[in-house]
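# Residue-level structural notes
Listed here are the chains, written in short residue letters.
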Amino acid sequence: MFKLFQRKRKPQQAAGREGSPPAGRGGSPPAGRGGDYGANIPALRARLNELDHDNLVAFIQANFPAVIDQISPAMGKSDKIDELLDYCRREVRLDALEAALAAYRPPPLRRLAGANMDIDLASPPGTIAWPQDRCPWNEAEGTGEHRCAVKGVSICRYFRGVEFLDTVVCAFHLPGSSEASWKV
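Notes on the structure follow. Position numbers for residues start from 1 in each chain and track the written sequence from start to end. Whole-chain, interface and lining totals are the exception, using all residues; otherwise, since this is a predicted model, local features are given only for residues with pLDDT of at least 70 and side-chain atom pairs are given and counted only at 80 or more. Side-chain numbers here rest on the full set of heavy atoms in the structure, without hydrogens or water.

## Quick notes on the packing of helix α2 (residues 41–50) against helix α5 (residues 77–90)
Axis separation between α2 and α5 bottoms out at 11 Å; the angle between their running directions is 140°. Relative to α5, α2 is oriented oblique. Crossing handedness for the pair α2 and α5: right-handed. Contact with α2, carried on its side by Ile 41, Leu 44, Arg 45, Leu 48 and Asn 49, involves Lys 77, Ile 81, Asp 82, Leu 84, Leu 85 and Arg 89 of α5 and no other residues of that element. The residue classification treats Ala, Val, Leu, Ile, Met, Phe, Trp, Tyr, Cys and Pro as nonpolar and Asp, Glu, Lys and Arg as charged. All others, Gly included, are polar. Considered class by class, the residues forming the contact of α2 with α5 number six nonpolar, one polar and four charged. Here the axes come from fitting lines to C-alpha atoms, over the contacting stretch only for helices, and the angles between their N-to-C directions go from 0 to 180 degrees. Comment: elements are numbered from the N terminus, with helices defined as DSSP H or I runs of at least four residues and strands as E runs of at least two. Small angles under 35 degrees read as roughly parallel and large ones over 145 as roughly antiparallel, with 65 to 115 read as roughly perpendicular and the rest as oblique. By convention, the crossing between two helices is left-handed when the near helix turns anticlockwise from the far helix through less than a right angle, and right-handed when the turn is clockwise. Residues are treated as being in contact if the distance between any of their heavy atoms lies within 4.5 Å.

If you want it as structure tokens, here you go:
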């Protein structure tokens, strides 16, 4: 029964999956688009599989935002990897994918105390009865508009969850900032 739901690929597409040019293109990349038909697809797939699910989505969002529209939260990790590889193959961006993976370092996570569970770190001082760290993104921009998660509205791209006891896990950092300077 599972086979009924699998995507079927034409033989030409299957041959093109492993780095060869797509059928019908004459074996050379489109003019002005760069040549990345020699990319090692299995090695790229293996490197993408090394990322955990959250870091894979963050990687795609940061480096290939057009792919975010093609994936859904219900998709599994391997389906998201397939979408990314298919996109890079179609757009002749496998070299860009390889370079982005080589440069990618998963963001360090920050643990921020005092989150109330609507989930934000934006309560004005003196309005709550417990200590609360400020949202580092709000702090960096001098604003109070960013929220970690608001039911039915949004989830911050840096939000990585909540740990016991009411500690927000956040991936925001300013370029060049030191992880040692963060409260952990």
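There is more to say, and it comes next.
## As for the sheet that holds strand β1 (residues 110–113)
Ordered by their spatial adjacency, three strands build an open sheet running β1-β5-β4, and the pairing between neighbours is antiparallel. Looking at the sheet topology across the chains shown, the edges are occupied by β1 and β4 (159–163). Ignoring strand direction, the axes of neighbouring strands in this sheet form an average angle of 25°. By definition, two strands form a pair when at least two bridges between them are found by DSSP.

## Some remarks on the pattern of salt bridges
One side-chain nitrogen of Lys or Arg within 4 Å of one carboxyl oxygen of Asp or Glu is enough to make a salt bridge. Summed over all chains, the structure comprises four salt bridges. Notably, a salt bridge pairs Arg 47 with Glu 50, separated by 3.5 Å at the nearest N-O pair. Here Arg 47 pairs with Glu 50, and both are found in helix α2, just three residues apart, close to one helical turn. When the shortest N-O distance is used, the salt bridge between Glu 139 and Arg 134 registers 3.6 Å.

Without other data, these values stay purely geometric and don't point to any function.
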